[in-house]
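Breakdown of the fold
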Amino acid sequence: MPGQPETGEPGSGTPSLTREDAAYVARLARIDLTDDELDLYAVQLAAVIGHAAEVAALDTEGVEPTAHPLPLRNVTRTDEPRPSLDRAEVLAQAPAVEDGRFRVPPILGEAL
Amino acid sequence: MTADSKSDRSSDKAAWEPVIGLEVHCELNTKTKLFCGCRNAFGDEPNTNVCPVCLGLPGSLPVLNIRAVEYAMRIGLALHCEIRPSIFHRKNYFYPDMPKDYQVSQYDAPINVNGWLELPDDSRVRIERAHMEEDTGKTSHIGGGGRIHDADHSLVDYNRAGVPLVEIVSAPDMRSSTQARLYASELRGILVATGASDGRMEEGSMRVDANVSVRPAGTFELGTRCEIKNLNSLRSLGRAIEYEIERQIGLVGAGDKVVQQTRHWNEDEGVTVALRSKEEAFDYRYFPEPDLVPVVPDASWQAEVAASIGPMPAERRDKLAGLLGPEPVSRARADQIATVVEHGLDGLVTAAAGAGVDAALALARTSNEASADPDAARRIEVASFVALLRMEQDGKLSATQSKTVLAEMLENGGDPAEIARRRGFEALDTGSLATVVAEVVAAHPDEWQRYVGGEDKLVGFFTGHVMRASNNRADGKAVAAELRRLRG
Amino acid sequence: MTGAGPTDLAAPGARPSAALDIARDVRSGSVSAADVVDRYLGAIDEIDGELHAFVTVLHDGARREAESVDLKVAAGGDPGPLAGVPVALKDNMCTRGVPTTCSSRILDGWCPPYDATVVQRLRAAGAIVIGKTNLDEFAMGSSTENSAFGPTRNPHDPARVPGGSSGGSAAAVAAGLAPLALGSDTGGSIRQPAALCGVVGMKPTYGTVSRYGLVAFASSLDQIGPLTTTVTESAVLFDVIGGQDPMDSTCLERPVPRTVSALADGVEGLRVGLVSELVDGVDGAVEARVREAAETLAGAGANVEEFSIPEFRHGLPAYYIVAPAEASSNLSRYDGVRYGLRVDAETAESMNAATRAAGFGAEVKRRIMLGTYALSAGYYDAYYGQAQKVRTLIIDALAVAYQRFDVLLGATTPTTAFAIGAKVDDPWAMYLSDVCTVPSNLAGHPAISIPFGPDDSGLPVGVQVLAPALGEPVMFQVAAVLELGAPVLGPPRVHAR
Ligand SMILES: [Mg+2]
Ligand SMILES: [Zn+2]
């Protein structure tokens, strides 16, 4: 995977992140960061990941993950229409509008 | 691809086997969206069917539409899938038509897995999964001829955002574009038959992506595949796959490698082109959607849903074939049966056959005349249709007259006997028929001699003249019988 | 007058309650809601310049709502159990037509077209939303210093932080600028500022209070809860905002047991576990107060025993994977397309990236980066997946503990309020503020922080009572006893007259 951060084996010691690693993550998160910010976050992320590495090293063989604290199942609603919002109210919040739609600059990449 | 590569033995088409899998997204026929109460409607004014949930406004939360779950289960059951406890994941990527910049979709625990679909050619395509997910909004590119890369800017309408989809993923089991088309067409029939979707490719309610690769014939390892998007008709699907197979054979035949990529079918130029995409776009950072809880359909819920769906197209085709008799049906009859089932008009045929009408006649009128306007045919009164066919079968109307009456019934409804009377349609009685036939024979002594001498095809000649002479009131079969009687 | 007067609900001997007094007087017609609201608005106008507890003060809206309460009283209708009581809302809860900022530049100018469920329930109970309070941007922080609008100050010492992220709500209640407030608690964001400001802060069982309209930070951890002066007020407010909501799929169907009635039950015979991990290693003065609280409960007839839950040590690192991961996804929607800030650029992609760079503060960017990293290809299993397993370990360990104990006791925070600026350059030092509170969030259990006297410098100390899922009644029962036995904490330096 290009730009994949290399932090070594989780739990194997002090991880390190390079500016390039941080840049890859910033691209995924779609935030323009300056080089200074990338350097700073590389160090700070590595510190937090270092603490997480202790957890990563725990033996959790046979332990089920908890994605959610509740044992709920099958929460649904009936297929009945409810009122939608007023379009003028919705579009009034938008930074740019044209023809009843949200206007954005040209799109570089394709949806996948 | 080029003239040169055709002479190269390794790019000989027969040396390579195409491998095709399809991913089909179908919009469900629910009244409301997957996670909110906004209307699921096509063609409304932009951004009128939106609310905090489907606009992804801060603080909003999804609540699952039970009807969407049941439609997904119907599709799964019709495809012989195993229905499993399922959870939703978030698929994270940025795109302006996605209000939350993640798509809620089922990832590693889909509701339907491990099914299969049998095609009319008796091949079987495995279904890996059929999972629920939400649709995105609709982006229009303004300027530059509406093409994304040349556009000046884009406009987004979120009416479609959050519409429920089921994505049906086949195994790479297909080996030709013909088989892929057959699969898509049969799947569409199933979607319509379950009531879960209207399967309209042109309106985008059924969207097909094709995964295509090639490998040396006789080998089993899968080659590198390309995914083709934007196939919005069966014709495009077939053409795009054909093109892509040739392109890939051209590459590998010339010793090049196929690069795994997503490609776009350009209908006008008849080519697939690589999409520009960023490498990190594939790092979707899936994780379980914490705003929703698992969907675990128990046996009784599954049974309830199973009971709510009727027989699938294959079963319905078998039933119609059975009405025709025990022997295998001809290719032409099979096509008629397929047409009737595709348009959901089986009821007309079975009702007529049940009332004693010849099944072949009922099938012919339903597949040829009634199917010309399927929506009207679905509205026609079954009893009237049966009455019409009985009149034709009993010789009270000629075939031509019967078709004319049926056309009027499709257009305006009405009672067939009444329509026939108004139009002055009345088949000749046996005595008058014999008189007309005798007159025609007398007027064409040469042709009569040749017919008597064994030239059977002249039946058509005499029938045509009898029809003309009788103002189409003669029944063709009755004319043929009279001619045979005169010949002795 | 219909229904039981709210003051009937107070436990015998409970501390005086401004909120319940107001509700009683407004309901009886002896005081008008309009006067109450004016009094609080006056105090805010006078003091809040120094504290900066509020981001938005609803002068007009609050007066309008007060008038409608007074009209209802005059007409002989039931104005609700919190009639005329001003409530301060953390500014991450949606209010229709009123800016909801999350203390972030990225929501610049955004007015939600809808009210959060808790806001609807407050109004139905006759309460009056008086303002929106400051928070760490998107509730990410433990000091309310990460606000795009500047920090909130601690009423007990304006040079110190109020805690966070519900620091504005805690400071507002402590300084008497609102009798009641709501906060949200993802890893301690109600309880920690409550402890640092000397008020009662409670995080309910996950799923008992609707999250609809709460701007998400980490969806599987977030819960809305009360910040109040007294335990009784906490229980009354919880009863008002709790209950199932068809707009939130993660809301429990099961009705929340009414908690107010449990307040007077005492602790005779209750089994209380003092959690070693929540007393060892915390500041000496804090530890002393927690042990004193344990003695108080023992003196009141509880059986108190010290007990170790080693799994709690993994809580903080697990939390700082799970919460940022969910946050990274929840905050993707701030992309400049539909609402809030947009920084224009040549393409949609660069517009997104520039908008997010300009709109988010440093801590939010840090957590989005961390969460994105933890979910990215190749790291999911080691970090997010493993952290989710640690949640299971903590839940299992708590299940064992609750076989022996009815409630657990410990510190709310490792230290009392620290100086503004002291921890801003060391994220992990700041994250350690949450070490005692995150286990309850990871497990989805309720917990409450009660002020229990001052430390040596006169700063408030909080003790924490933890209970199993839906154990709010017994939790309040214990909290009421601690409240009665708490050493006297002096009034804040900054307080409404
Ligand atoms: Mg999909
Ligand atoms: Zn909607």
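Residues numbered from 1 in each chain as written. Chains lettered and ligands numbered in written order. Predicted model: local features only at pLDDT ≥ 70, side-chain atom pairs only at ≥ 80, totals over all residues. Heavy atoms only, no water.

1. Focus on the packing of aromatic side chains
Just so we agree on the cut-off: Stacked, edge-to-face and tilted are the three classes for Phe, Tyr and Trp ring pairs, Trp counted by its six-membered ring, which pair at centre distances within 6.5 Å; planes under 30 degrees apart are stacked, over 60 edge-to-face, the rest tilted. Burial here depends on accessible area, computed with a 1.4 Å probe over protein chains only, as a share of the maximum for the residue type. Under 20% is buried, over 50% is exposed, and the range in between is partly exposed. The helix and strand labels rest on DSSP assignments: H or I over at least four residues marks a helix, E over at least two residues marks a strand, and numbering proceeds from the N terminus.
Following the criterion strictly, the structure yields 27 aromatic pairs over all chains and no others. Consider the rings of Phe461 of chain B and Phe462 of chain B, whose centres lie 5.3 Å apart with planes at 80°: the pair is edge-to-face. The class of Phe462 of chain B is buried, set by a relative accessible area of 0%. With 6.1 Å between their ring centres and 70° between their planes, Phe138 of chain C and Phe360 of chain C make a pair best called edge-to-face. One end of the pair, Phe138 of chain C, is in the loop between strand E3 (128-133) and helix H5 (167-174); the other, Phe360 of chain C, is in the loop between helix H10 (348-359) and helix H11 (362-375), with 222 residues separating them in the sequence. For the pair shown, Phe138 of chain C and Phe360 of chain C are each scored as buried.

2. Section: the confidence of the model for chain A
Applicable threshold: Note: pLDDT gives the predictor's confidence per residue, expressed from 0 to 100. Between two residues, a contact is recorded if the distance between any of their heavy atoms is within 4.5 Å.
When the pLDDT values of chain A are averaged, the result is 85; 83% of them are 70 or greater. Contacts from residues 1-13 of chain A, a stretch scored under 50 in pLDDT, to residues over four places away or in other chains number 31 contacts.

3. Digging into the sheet that holds strand E4 (residues 180-185) of chain C
Residues and elements named next belong to chain C. The cut-off we apply is this: Pairing between two strands requires that DSSP report at least two bridges joining them. Whenever a helix is involved, its axis is fitted only over the stretch in contact; in every case the axis is a line through C-alpha atoms, and angles between N-to-C directions fall within 0 to 180 degrees.
Read from one edge of the open sheet, 11 strands run E1-E3-E2-E4-E6-E5-E10-E11-E9-E7-E8, paired in mixed fashion. Only two strands of the sheet have a single partner each, and these edge strands are strand E1 (54-57) and strand E8 (303-307). Averaged over all adjacent pairs, the angle separating strand axes in this sheet is 30°, with direction ignored. Of the pairings in the sheet, the one linking E1 to E3 comprises three bridges and is antiparallel in character. Within the sheet, the bridge partner assigned to Phe54 lies in E3 and is Thr133. Of the strands in this sheet, E4, strand E5 (200-203), strand E6 (223-228) and strand E10 (447-454) touch helix H7 (residues 231-241), which is tilted by about 145° from E6. Strand contacts of helix H15 (residues 472-485): E5, strand E9 (407-411), E10 and strand E11 (460-466), with the helix running at about 5° to E10, the strand carrying the most contacts.

4. A short note on the interface of chain A and chain C
Many analyses report the size of an interface as the accessible area lost when the parts associate. To be explicit about the condition: When two components associate, each loses some accessible surface as probed by a 1.4 Å sphere; the sum of these losses over both components is called the buried area. A pair is scored as a salt bridge if a Lys or Arg side-chain nitrogen falls within 4 Å of a carboxyl oxygen belonging to Asp or Glu. Polar contacts, as counted here, are pairs of nitrogen or oxygen atoms within 3.5 Å of one another; within protein the pair requires one atom able to donate a hydrogen and one able to accept it, and residues that are adjacent in sequence qualify only if both atoms are side-chain atoms.
Contacts between the two partners involve 54 residues from chain A and, on the opposite side, 63 residues from chain C. Contact between chain A and chain C buries roughly 5,200 Å² in total, counting both sides, with carbon and sulfur atoms accounting for 67%. Close ionic contact of Glu37 of chain A with Lys365 of chain C constitutes a salt bridge, the shortest N to O distance being 3.2 Å. The tally of links between chain A and chain C comes to 19 residue pairs in polar contact (both at pLDDT 80 or more).

5. Let's talk about the coordination of the zinc ion (ligand 2)
All names here are of chain B. Note the cut-off: Coordination partners: N, O, S within 2.8 Å of the metal, 3.2 Å for Na, K and Ca; water not considered, so apparent gaps in a site are possible. Just to be clear on the cut-offs, tetrahedral is four donors with all angles between 85 and 135 degrees, square planar is four donors and octahedral six with opposite donors over 155 degrees apart and all others between 65 and 115, and anything else goes down as irregular.
The zinc ion (ligand 2) binds to the protein through Cys36 (SG), Cys38 (SG), Cys51 (SG) and Cys54 (SG); the donor distances cover 2.3 to 2.4 Å. Here the zinc ion (ligand 2) is ringed by four donor atoms whose angles at the metal span 100 to 116°, and the overall shape comes out tetrahedral. Written as a sequence motif, the donor arrangement for the zinc ion (ligand 2) is C-x1-C-x12-C-x2-C. The two residues Cys51 and Cys54 agree in class, both being buried.

6. Focus on the side chain of Arg101 of chain A
Tracing the chain through its elements places Arg101 of chain A in strand E3 (residues 101-104). Within the structure, Arg101 of chain A has its side chain in polar contact with the side chain of Ser140 of chain B (distance 3.0 Å).

7. Describing the coordination of the magnesium ion (ligand 1)
Taken together, the protein ligands of the magnesium ion (ligand 1) are Glu133 of chain B (OE), Glu133 of chain B (OE) and Glu167 of chain B (OE), with distances of 2.0 to 2.7 Å. Here Glu133 of chain B is found in strand E7 (residues 124-134), whereas its partner Glu167 of chain B is found in strand E10 (residues 164-170), with 34 residues between them in sequence.

8. Considering helix H4 (residues 117-124) of chain C
Residues and elements named next belong to chain C. All buried positions along H4 are accounted for by Thr117, Val118, Val119, Arg121 and Leu122. Tucked inside the fold, the buried residues of H4 contact strand E2 (86-90), E3, E4, E6 and H7. Just downstream of H4, Gly126 is the residue with a positive phi angle, here 90°.

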